Amino acid sequence: MEYTVQKLAQLAGISTRTLRYYDEIGILKPARINSSGYRIYGQAEVDRLQQILFYKELGVSLDVIKEIVTSPSYDGAKALREHREQLLDKRKRLDLLIAIVEKTIASMEGRIIMTDKEKFEGFKQEMIDDNEAKYGKEIRAKYGDDVVNRSNEKLKNLTKEEYEEVTRLADEVLATLSEAFANGDPASDIAQKTAELHKQWLMYYWSEYSKEAHAELAQMYVDDVRFKAYYEKRPGMTEFLRDAIYIYTGVTK
């Protein structure tokens, strides 16, 4: 089947303005323009739109989505399998949070006793599951199961205060990175502060620090689209973070 902008927008549950914007930025071009000047979309475009919406649901930025779906090596069937795994992991995390909420309600109603540790165990497990879903395969291949398992165990044993601090640091890294990127110099004070904050955040997961491992991780952020999606709020931001960490650690490319 073929669709006009209006019909495809209705089918997908998005606005016609969104489809026109996707055309403008080159992420989803129509199959053709008909004699009346209307954009016409075919099956290939329908399939690509579905993939775009899947990636958006998983929190991937449009810049990164465009890089993925327009790559010559892009494999639609493989991407769907990855979407399925990520959505199943997301459902698992939601089920865990729902269980925590239900237990907390029961505690507030006096039906059970819930310790402060229990109130945060689910959130810590969610962080572990999220990290495993996004990066587990690559990290385990690079550093080994023992290192990753020790990191997960360390995260599980965080106190309430430590959990709040690692969460705050993750947000501060992104905020400071954005400010540093606007500055444009990975050697600037604000960029080096970003690298230092990133190290502080890492040490809630790592049992020991290595400049070489820090630099290798920064390069992995650039090389793998799943890592890159987290930091790439604007094009080039992940490479900027890597360069800042290279300077911070003194490790050359």
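Cut-off values and rules
- Every chain's residues receive numbers from 1 upward, in the order its sequence appears when written.
- In keeping with the model being predicted, local features are shown solely for residues with a pLDDT of at least 70 and side-chain atom pairs are shown and tallied solely at 80 or more, while totals for entire chains, interfaces and linings include all residues.
- For the side-chain quantities, the full set of heavy atoms in the structure was used; hydrogens and water were omitted.
- DSSP calls a pair of strands paired once it identifies at least 2 bridges connecting them.
- Helical segments are the DSSP runs of H or I of at least four residues, strand segments are the runs of E of at least two, and each set is numbered from the N terminus.
- Among buried residues, the Ala, Val, Leu, Ile, Met, Phe, Trp, Tyr and Cys ones that are joined through side-chain atoms within 4.5 Å form a nonpolar core.
- Here's how the labels work: a residue is buried when its accessible area is under 20% of the maximum for its type, exposed when over 50%, partly exposed in between, all with a 1.4 Å probe on protein chains only.
- Note on definitions: a residue-residue contact is assigned when non-hydrogen atoms from the two residues lie within 4.5 Å.
- Pairs of N or O atoms are called polar contacts if they sit within 3.5 Å, as long as, within protein, a hydrogen donor faces a hydrogen acceptor (for residues adjacent in sequence, only side-chain-to-side-chain pairs).

A.B. asks: Give me the lowdown on the sheet that holds strand 2 (residues 32-33), citing residues and values where you can.
C.D. replies: The strand order across the open sheet formed by 3 strands is 1-3-2, and the pairing between neighbours is antiparallel. Strands at the two margins of the open sheet, each flanked by one partner only, are strand 1 (3-4) and strand 2. As judged from the 2 bridges shared by strand 1 and strand 3 (residues 39-41), these two strands associate in the antiparallel manner. Counterpart to Tyr3 in the pairing with strand 3 is Tyr41.

A.B. asks: Could you give an account of the nonpolar core, naming the residues involved and the relevant values?
C.D. replies: Side chains that are nonpolar tend, in soluble globular proteins, to be buried together. Residues Trp201, Tyr205, Tyr221 and Tyr231 are the most contacted members of the largest nonpolar core, which totals 32 residues. Discounting residues that sit within four places of it in the chain, Tyr231 has contacts with Val173, Leu174, Leu177, His198, Trp201, Tyr221, Met237, Thr238 and Leu241. Among the nonpolar cores identified, the runner-up in size contains 20 residues, and Leu8, Leu28, Ile52 and Val69 belong to it.

A.B. asks: Please set out the side chain of Thr194 residue by residue, giving values where relevant.
C.D. replies: When you line up the elements, Thr194 lands in helix 9 (residues 189-202). The exposure class assigned to Thr194 is buried, which follows from its relative accessible area of 1%. A polar contact of 3.5 Å, which involves the side chain of Thr194, links it to the backbone oxygen of Thr176. Not counting the four nearest positions on each side in its chain, Thr194 is found in contact with Val173, Thr176, Leu177, Ala180 and Leu241.

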